[in-house]
Every structure is written in structure tokens, then in C-alpha cells.
Amino acid sequence: MNQESDSNDEPAGQDPLLLLKTIQLLWTKKEMKKLKEEIRRGFAGLEDPLAGLLDILESSTDWKGKGHSLGYYITSELQLWMKEHPAVQQSGMKLKKLQTRVLRILAQCPANLLDPLISIYQLHTADRNYLLGHVSHLYHRGDYKEAAILSIKLKLQPDQDVEKMCMPLLFQDKINLMEDYVGEYPELQCKLVQILDTWCEPGFNIRDIARQYQGLSRYKPDKLNRKMLSKLVFRLLDRFNVDPALCPNVINQRHLRTLNYLFYKRFVEKTMTQENWTDHVQSTVGENQWLQGHLIQLLISYCDLNTAARWAQRCNLPKEILPNGVADELQKLKIQESVEEATKAEKYEEINKKDYYQLPIPRANIHFLQKWEEMLQCWEKVLQPGQIVAIDMEWRPSFGMVGKPRVSLLQIAVKDEVFLLDLPQLLEQAEMEGEKEKLPHFIQMLYSDAAITKLGYGMSGDLSSLAATCFALKGMDKQSQGVVDLLTVDKQLQKASIDWKKSSRKVEQSHEDKGIRQPEKGLSLLVQHVLGKPLDKTEQLSNWEKRPLREEQIIYAASDAYCLLEIYEKLCKDPTSFGLNSDLTKSLVGKPTIKARAKKQLNKQEVPSPCGQQCKGSEKETSRPPAPISAKEFSVVCDNMLQGLGRYLRCLGVDVRMLENEDDHRKAAEIARQEGRVILTSGLPYQTLQSQVGEGRCFSVNCSEKAKEQALQVLKHFNVQVTLEDIFSRCQVCNCNKYLKVPKERMRQLVEGSKHSAGDGGTSCSTLCEEKSSRTCDAAQRTETTESEWLERTDPCGTAVGLEEGTTLQVAAIPPGVLDKAELTDFYCCTRCGKVFWEGSHFGRVVSQFKDVLVITGDEQSIYKLS
């Protein structure tokens, strides 16, 4: 009976199309258990299950599109069933015919079907020339993405032209797919980098290349420029560890930007000494005649012909490539083996040292240590229970190049003495003597001893560089105890001191009055605030690898560490006078600031909380997130590649400034320093920007993600708590958080008045009106009563309604019919840009989009209101 019953059930599965109808019905009903049984029974009853699957896929459209379709479910079940029944595998001519059929399907199937179909039909065993021909057919049809994906799946890249396959992907902004294409082939990675580098040659026309590829979708000629290609090349160099020598054009352009930066620091900011500047310029241009030529042009612009001629002589440039004026000036100069800068350049060194912090100990108490025997006195004085030690580090500036800096000098300061450890020399000596663990052991003992208080400024960055210098010191941030990161104090002072920004601006203005522009920032600004005078940072960008160190470098390095002792001592004596907690020591001594992890490429770059929270005591406690901060307290500046993220954060009540498309990335650092904001950026700009602001003030997000996911990452990292009251509390257009509440009838009068004045350009400067929560606007009205009262006194028939700084109210942007809605009682107007908002019929649905944000930040009460 059982056998008869089974045989009666089998005919439904004999015809693949009948099987398809049966499983489509079960799929619609979501009867997944029966569906799985029917698929397996159906394939068991088919004469050729592999051909049957192709019949099903060719006869149905259910497998097309993204996601887990019915076709994907059927294919996956067949793949599992075949593992239990290996005898159904085909071979010979029958398999070749099946492979021919499946290739036609692969050209239009979603990505999740590729691997199962390739596995089932053993496409890796198919004739390679046939596969290459099929991919070529897709390519010439304009299906560049599909051709690349299939090539990756079938591992055809070694037999293809990397330029031919990758360039259409680049034009279509499919960078990730292009990187995946060369991902497993170092030779192709090198070829790709070289191709992109040739595109960065001066005068190269990228549009000429684009014309070779027909039917390009999403191609934006203006976006694919030399600057973007340069960033892409550096991204590939970093990801694939390719030799930078393969891309001379991009490297030259990077060095040229470094040259421009050095000229800016020396002749505009005037914050770099002549000797440091000269050292870095020589290192940057090297023997590269192209860079040397640009150096001469910059010298002509910033200095004079005499200085340009002296540098031309130093670089041994042929006269025939020099500008006429420089060549003439070179004839007047006497040939010397060693040429110094012109005397007039020395005027930039006339800095009044009394305006800066002065080291309060004699020069004899600064010890430069290069031998282990000299280290013993340092060891004995530093490793004392109850000792307070200030630690700082110096390294050669990288100017944005790839790689972490290696520490060249380690400064350790105790009361009345400073020890300068020549780290490379000491490590080299220890290794030659077979005792390479000796120095790391001393440093580990110092950092791990909870009885010794260690002072620093931005200690996470210092410890990261220390680990890059000596592998034995990796993980020091987790072992450290009893540390005080004065960067934390700096952030608290900026919040606590009302006159902080005013005082810094006064000092900056006083320097400008003297003809020396030197705005203070970072540690220098903290020293100024606590000790009365800023640090002289002119030696900061020295070449710290060069030996012997100059006397100015030694004094600077000692001051950089010793000032931490004096700051800490003064703050401990009277913390309340600086607006700090009276129990300063208890609140600050603990672990060094632990940085949170960014995603993907940047998951090794760690950043501490911008709220200035310090982890305490035990290792267990260091894993705690930073203390919560409200959306209203959190302020950021978004790089111009993250404008979508900026607008999304404004919707959540975060104070956001956004760079314009034409702005240089470095403008973000200026805004962050001036206004105390956190920089949000992505990719290569992070490397440059993080070094220009305080530790933890720059964060990298994943540029490939959508704005919502980026916002979730930022809020979670900085522990920003978003409440329902924060939603739409800021204007997305201008970032203002102050609104005027206007009754509907009053708004009707203003709209009518604007119609009369339309010929005078009266009111509207917008074509779109957005919705606004009445809850946040009510709060804004309570804080802006003066403007609200002023609005009530405005003539309803006036030509315009003035707001903040004469802004025009955009009443003409209100669509017809909105004023006639009975449920609408009030409008809310941004006081800065004049944008008009109201609570529309779908306001609740719009707000519910932010439910995930409220979940991630833990506002359970608000979540309940939305559910």
C-alpha cells in the first residue's frame, strides 16, 4: 500500500513545469515545511534533476530580483539534495549542454544564485575558452558589471585584460567591485595601480578614455577627476600593500601638496622655524627634478629671485630649465659647497620668547640618553612608588603618507629633571647586545605600575606609535594603570570655562597685532589657559630622526613633557577655580583613554569619546562605553563627502556643520578647533585630519554605507542619547534650533501679504516645505519669545517678514490647500533661514523611521511612544 501511494504521488513531479506550479502555490502560502518536502520529492521523481532545474528557472521569473526568491530556495534545496544523492551528477557532452544553458541564465540572475549554480553545474570544469567567450559577449553587450562578477566567480582574471575589465567599473562608480576583481592577484593589483597612475599625468584627458565604452550608466565626468583618482591609488596602495614606486605621478602630486603645506606653515602661519622648514623641503623634493622645478616656482611666489636662485644652486638644477630671472640671479651668486638661506629669511625667527612658556629647570637637568648605562639614573628616579611622571613622544612628521609614525624620542619628566631617551639608538644597542627586551621591560614596568602617576596628552595616540616602534610594547594601552590623560582635562576645561574661546582669541589677536599669526591649539592652548603662556611650537615639525638634535629641539622636547607636571600640580591645588571637580585625582587617575573601533579598513584606528570621559581602575571597567551625551550637546563638522550623514544627524537634533563641495578637507580641522566640534570624515582624509585636531576629535565612518547606518555608527561610538524630543529639533537646511510658532490664521495673513509683494521679490526662496514636530517647536518658542512678539507686530500686508539678521520668511513655499486643513493649527518658522514647517498627516510615519536610532541609544520611553 505504501509503495502504491508513493507511486501515485510521483507523477506531479515527473514534469518540471507541473512541479513548478505545485511549489509556487506552497511558496505563496508560506508553507515552508511542505515546500521543502515537495521540492525534494519532485527532484527525486525527475529523470534529470539538473535539466529540470534549468527548465524551472527558464520558465519562471520568481528567481529574478534581489533577496531570497523562490528560485534561490529551489536551487539551494537541490544543492543540498545532491549532496545526499551524488549519483545525479552529470559528465561528458550532457554536462556541456547543461553548462551552455546555465551560462545564459547566469547573465541575468541575481548574485546570490551564482555560487549555487556554478557549483551544481561544475562550471569551473568547463572549457576555459568557452567561458571567456561568454564573458566577452556580456562585455561587448555593455553588461560590464555582470561580466566582472562572472569573471570573479569563475576566476578568469589571469586570462583577461585588467584595464579593459576594470575601467568601465571605475566609470560606473563600482570601485568595490573593481577592487574585488584584482583582490586575489598581486600582479593585476600592480597593473591596475600603474594604469590609474598614468591617468594622473598632467594633461591626461579621462573623457577620451570614457568614449571607448558605450552605454555607461551612472557615469559622472566631473566626479572622476585627478584628485579622486589620486585618493583611489593611495587606497589601493594601502589595501594591497603595493610598492609606491609603481605610481610616480600620484606620489609626485602628494609631495607637491606637502610642499605647498610647508610653504603655508612657514610663510603664512609662520609657525615653523627656518631650519625645520629647510630640512623638510630637502627631504620632500629629494633628487626629483620635477618637484625641484615646482619648488623654484613657489620660492619665486613666496620669497624672491635671490632665494630661488640659491635653492636652484643647492639642487644643482640646469640653467636651461630655470625661469629667466632665476637664471640671471644665479649668475651673480658665488659657487659655494654649502649655501645658507638669505639673511632676510631670518626675520621670521624674531619671536619674542618671553611670550611663551619657559622651562623652569636649568639646562644641566635635561639628560639626553643614548646608552643603556645612562638609563640607570632614569630608572632609579622614575620607578619610585608615589612618583608623578610626565611622558611625551616625538616622531618625524609623515605629512599624510601611508604608515604609522615611529617614535624617535621618548621624554620622561619628574620633578626638577627631564630624561630624553633616544629610542632608536637604545633599541639598536640593546639588540646588538642580545638584550632587546631590556628597554621595553622598563617602559612596561612604568606604565603598568598603579603606584606611579603617569601624565600625558592624547596618550592613546602616543601608545599606538610606541607599539609601531617596538613590537614588544603592543597592547600597552590595555596593561596601563595609574595614568592621567590631560586631553580629558582639556575637554572638561573647554566645557567649564566660559571665557575659554574669548581668551584664546585675544591672544591670537595680540600675535596678529605683532605681525605673527600663531593661533594656539591642543596642548599649547591648555598650557596658556592653566599656566598663563602658550607653548612655543615652532620645533614641533622638526625632523626628530636626524642626529644630533639641535639645542632648540632639546629645549622644546623637555618643555613639552615638563609643562604637564606644572599643569597637573596647579589643577590639583585648586581644580574648582578652573571649573573642574574638586576631587580631581580620583576622577582622572586610571587607564589611558581607550579608543573605540571604526569599521572595515579603519577598524584598527581607535578614538576616545569626545565627552572627555576617562576609564578607571580595573581592566574590566575599561570596556565600558563613554558616559552618555545628549544629542543637543553633541556637535560635529561633516566632511563634504558625508552631507547625507550631516542632514540625517540634524534630523536627530545634532549640531552639524557641513563642508561645501568645493571646500578643502583641512577646513574641517579649522572649524573643529575653533568651535570644539568632532570631525566626521571617511577614507584618506582621516589620516590627515586626525593629526590636526586633539585626540578623539576625528572619527572615520564607512562611506559605502547609507546615511542611517553611518549615523547609528556615530551615535553608538560616542554614546549619544537621542530622545523623541530631539527628532526634527533642528532645521535640516541651516542647522538652526530656534523656531517661531505662528497660528494658522496669522500665517494666512502673511501668505496673502506675500502675494501682493511678489513683484518686489518679497518672500519665497524655496520650492519645498518640510514637516516639523510641534513638540520641538513649542520648546523653541519658549526660548525665542522676543522674536515671536516681534513677529506679531509685523504688518500682515508688509512686503516681507524679517527674521534673524533680516532673513525673509518663506511663506510662498506653503502649498495651496495646506492652510485649509482643519486639523492644522500652527506653523513653525526657522529663525535663521525662514523655512516654514508644519505637522502633516504623515508626520508619525516619518518620525517612526528613526525608531532604530532611539533603540540603539536606549530611549525606551520614546520607543514606547512610537510603537
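- Naming follows an unreviewed UniProt entry, where the chain appears as Exonuclease 3'-5' domain containing 3 of Anas zonorhyncha.

1. Thoughts on the overall build of the chain
Point 1. Counting secondary structure elements, the chain contains 40 helices and 18 strands.
Point 2. Considering the chain as a whole, with its 867 residues, one finds that 51% of them fall into the buried category.
Point 3. Across the chain, the fraction of contacts at a sequence separation of at least 24, relative to all contacts at a separation of at least 6, is 70%.
Point 4. Surface summary for the chain: the accessible area is close to 41900 Å², and the carbon and sulfur share equals 49%.

2. Considering the nonpolar core
Point 1. Within the largest apolar cluster, 84 residues are counted, with the highest numbers of intra-cluster contacts made by Leu117, Met167, Leu170 and Phe171.
Point 2. Core analysis: the next-biggest nonpolar cluster, separate from the first, contains 37 residues, Ile366, Ala390, Val418 and Ile554 among them.

3. Digging into the sheet that holds strand S5 (residues 453–456)
Point 1. Strand order in the open sheet made by the six strands is S1-S4-S3-S2-S5-S6, with mixed pairing throughout. Edge positions in the sheet fall to strand S1 (366–369) and strand S6 (483–485), since each of these pairs with one other strand and no more. This sheet shows a mean twist of 20° between the axes of neighbouring strands, independent of strand direction.
Point 2. Note: strand S2 (residues 388–395) against strand S3 (residues 407–414), six bridges, orientation antiparallel. Bridge pairing in S3 links Ile391 to Ile412.
Point 3. The strands that helix H24 (residues 459–469) touches are S2, S3, S5 and S6; relative to S2, the one it contacts most, it runs at about 60°.
Point 4. Along the sheet face, helix H29 (residues 551–573) touches S1, S2, S3, strand S4 (417–422), S5 and S6 and points at about 145° away from the line of S2.

4. Observations regarding the packing of helix H5 (residues 49–59) against helix H7 (residues 92–106)
Point 1. Here H5 crosses H7 at 25°, and the two axes come no closer than 11 Å. With respect to their mutual orientation, H5 and H7 come out roughly parallel. When you trace H5 past H7, the crossing you get is left-handed. When H5 is examined against H7, the residues Leu50, Ala51, Leu54, Asp55, Leu57 and Glu58 are found in contact with a partner set consisting of Leu98, Arg101, Val102 and Ile105.

5. Things to note about the environment of Ile209
Point 1. When you line up the elements, Ile209 lands in helix H14 (residues 206–210).
Point 2. By relative accessible area, which is 14% here, Ile209 ends up buried.
Point 3. In sequence terms Ile209 and Trp199 are 10 residues apart; their C-alpha atoms lie 9.5 Å from each other.
Point 4. Excluding residues within four positions of it along the chain, Ile209 makes contact with Phe171, Trp199 and Phe204.

6. Quick word on unusual backbone geometry
Point 1. Between Arg547 and Pro548 the backbone carries a cis peptide bond, its omega angle lying at 0°.
Point 2. Even without being glycine, Asp173 reaches a positive phi, approximately 65°.
Point 3. With respect to the secondary-structure elements, Asp173 resides in the loop between helix H11 (162–171) and helix H12 (175–182).
Point 4. A positive phi angle is found at Phe728, which is not glycine, with a value near 60°.
Point 5. Structurally, Phe728 is set in the loop between strand S14 (720–721) and strand S15 (739–743).

7. Overview of helix H4 (residues 32–45)
Point 1. Over its 14 residues, H4 extends 20 Å from the first C-alpha to the last, a length consistent with the 20 Å expected when each residue adds 1.5 Å.
Point 2. Along H4, the positions that sit buried rather than exposed are Leu35, Glu38, Ile39, Arg40, Gly42, Phe43 and Gly45.

8. Digging into the environment of Glu77
Point 1. Structurally, the position occupied by Glu77 is in helix H6 (residues 70–84).
Point 2. Glu77 sits 39 residues away from Pro116 along the chain, and the two C-alpha atoms are 9.9 Å apart.
Point 3. Among the polar contacts listed, one links the side chain of Glu77 to the side chain of Arg40, at a separation of 3.4 Å.

9. Observations concerning the pattern of salt bridges
Any two side chains of opposite charge can pair if their charged atoms end up close together.
Point 1. For the structure on display, the rule yields 36 salt bridges.
Point 2. Measuring nitrogen to oxygen at the nearest pair gives 2.7 Å for the salt bridge that ties Asp143 to Arg141.
Point 3. On the basis of relative accessible area, Arg141 is assigned to the partly exposed category, the value being 48%.
Point 4. In this structure, Arg748 engages Asp820 in a salt bridge whose closest nitrogen and oxygen atoms are separated by 3.4 Å. Pair noted here: Arg748 is in helix H35 (residues 744–756) and Asp820 is in the loop between helix H37 (785–792) and strand S17 (826–830), with a separation of 72 residues, a long-range link.
Point 5. Salt bridges sharing partners connect three or more residues here, namely Glu179, Asp180, Arg235 and Arg239.

10. Some remarks on the environment of Leu473
Point 1. Secondary-structure assignment places Leu473 in the loop between H24 and helix H25 (476–479).
Point 2. Taking relative accessible area as the criterion, Leu473 reaches 3% and is therefore assigned buried.
Point 3. When sequence neighbours within four positions are dropped, the list of residues in contact with Leu473 reads Pro440, Ile443, Gln444, Leu466 and Ala467.

11. Focus: the confidence of the model for the chain
Point 1. On average, residues of the chain score 78 in pLDDT, and 78% of them are at 70 or above.
Point 2. Contacts for the low-pLDDT stretch residues 498–518, under 50 throughout, to residues beyond four places or in other chains number 34 contacts.

12. Describing the sheet that holds strand S12 (residues 678–681)
Point 1. Spatially, the four strands line up as an open sheet ordered S11-S10-S12-S13, and their pairing is parallel. Two strands lie at the open edges of the sheet, namely strand S11 (655–658) and strand S13 (698–700), each paired on one side alone. Shown here is a sheet whose adjacent strand axes are inclined to one another by a mean of 25°, direction ignored.
Point 2. Looking at chain direction, strand S10 (residues 635–638) and S12 are connected through three bridges and run parallel. Of the residues in S12, the one forming a bridge with Val637 is Ile679.
Point 3. The sheet contacts of helix H31 (residues 643–651) involve S10, S11 and S12, and relative to S11 the element is tilted by about 155°.
Point 4. Contacts from helix H34 (residues 707–718) reach S12 and S13, with the element oriented near 135° to S13.

13. Overview of the pairing of S12
Point 1. A two-sided burial pattern is seen for S12, the buried positions comprising Val678 and Leu680 on one face and Ile679 and Thr681 on the other.
Point 2. The sheet contact formed by S12 and S13 spans three bridges and is parallel. Following the sheet pairing, Ile679 is matched in S13 by Cys698.

14. Quick notes on the packing of aromatic side chains
How two aromatic rings sit relative to each other is set out by the distance from centre to centre and by the angle between their planes.
Point 1. In total, this model carries 17 aromatic pairs according to the counting rule given.
Point 2. Summarising the aromatic geometry, the rings of Tyr139 and Tyr144 are spaced 5.0 Å apart at their centres and angled 75° between planes, so their arrangement reads as edge-to-face.
Point 3. Note on Trp277 and Trp311: the rings are 5.9 Å apart at their centroids and 85° apart in plane angle, and the pair reads as edge-to-face. Placement of the pair is Trp277 in helix H17 (residues 274–285) and Trp311 in helix H19 (residues 305–314), with a sequence separation of 34 residues.
Point 4. We classify Trp311 as buried; its relative accessible area is 2%.

15. Thoughts on the side chain of Asp197
Point 1. Tracing the sequence through the fold places Asp197 in helix H13 (residues 186–199).
Point 2. Buried and unpaired, Asp197 has no salt bridge, with Arg226 as the nearest side chain of opposite charge at 9.3 Å.
Point 3. Contact partners of Asp197, with chain neighbours within four places excluded, come to Val233, Leu246, Cys247, Pro248, Asn249 and Val250.

16. Some words on the side chain of Thr271
Point 1. Residue position: Thr271 is located in the loop between helix H16 (248–268) and H17.
Point 2. Of note is the side chain of Thr271, whose polar atom sits 3.1 Å from the side chain of Glu269.

17. Thoughts on the state of the cysteines
Point 1. Counted under the stated rule, the structure contains zero disulfides.
Point 2. Free cysteine: Cys651, not disulfide-bonded; nearest cysteine sulfur from Cys731 at 9.8 Å.

Criteria and cut-off values
- Residues numbered from 1 in each chain as written.
- Predicted model: local features only at pLDDT ≥ 70, side-chain atom pairs only at ≥ 80, totals over all residues.
- Heavy atoms only, no water.
- Helix = DSSP H or I, 4+ residues; strand = E, 2+ residues; numbered from the N terminus.
- Buried < 20%, exposed > 50% of the residue type's maximum accessible area, 1.4 Å probe, protein only.
- Contact = heavy atoms within 4.5 Å.
- Areas by Shrake-Rupley, 256 points an atom, 1.4 Å probe, with all protein chains shown as cover.
- Core = buried A, V, L, I, M, F, W, Y, C linked by side-chain atoms within 4.5 Å.
- Pairing = 2+ DSSP bridges.
- Axes fitted to C-alpha atoms, helices over the stretch in contact; angles between N-to-C directions.
- Parallel < 35°, antiparallel > 145°, perpendicular 65-115°, else oblique.
- Left-handed = near helix turned anticlockwise from the far one by under 90°.
- Expected span 1.5 Å × (residues − 1).
- Polar contact = N/O pair within 3.5 Å; in protein donor to acceptor, adjacent residues only side chain to side chain.
- Salt bridge = Lys/Arg side-chain N within 4 Å of Asp/Glu carboxyl O.
- pLDDT = per-residue confidence, 0-100.
- Phe/Tyr/Trp six-rings, centres within 6.5 Å; stacked < 30°, edge-to-face > 60°.
- Lys, Arg positive; Asp, Glu negative; His and termini not counted.
- Disulfide = S-S within 2.5 Å.

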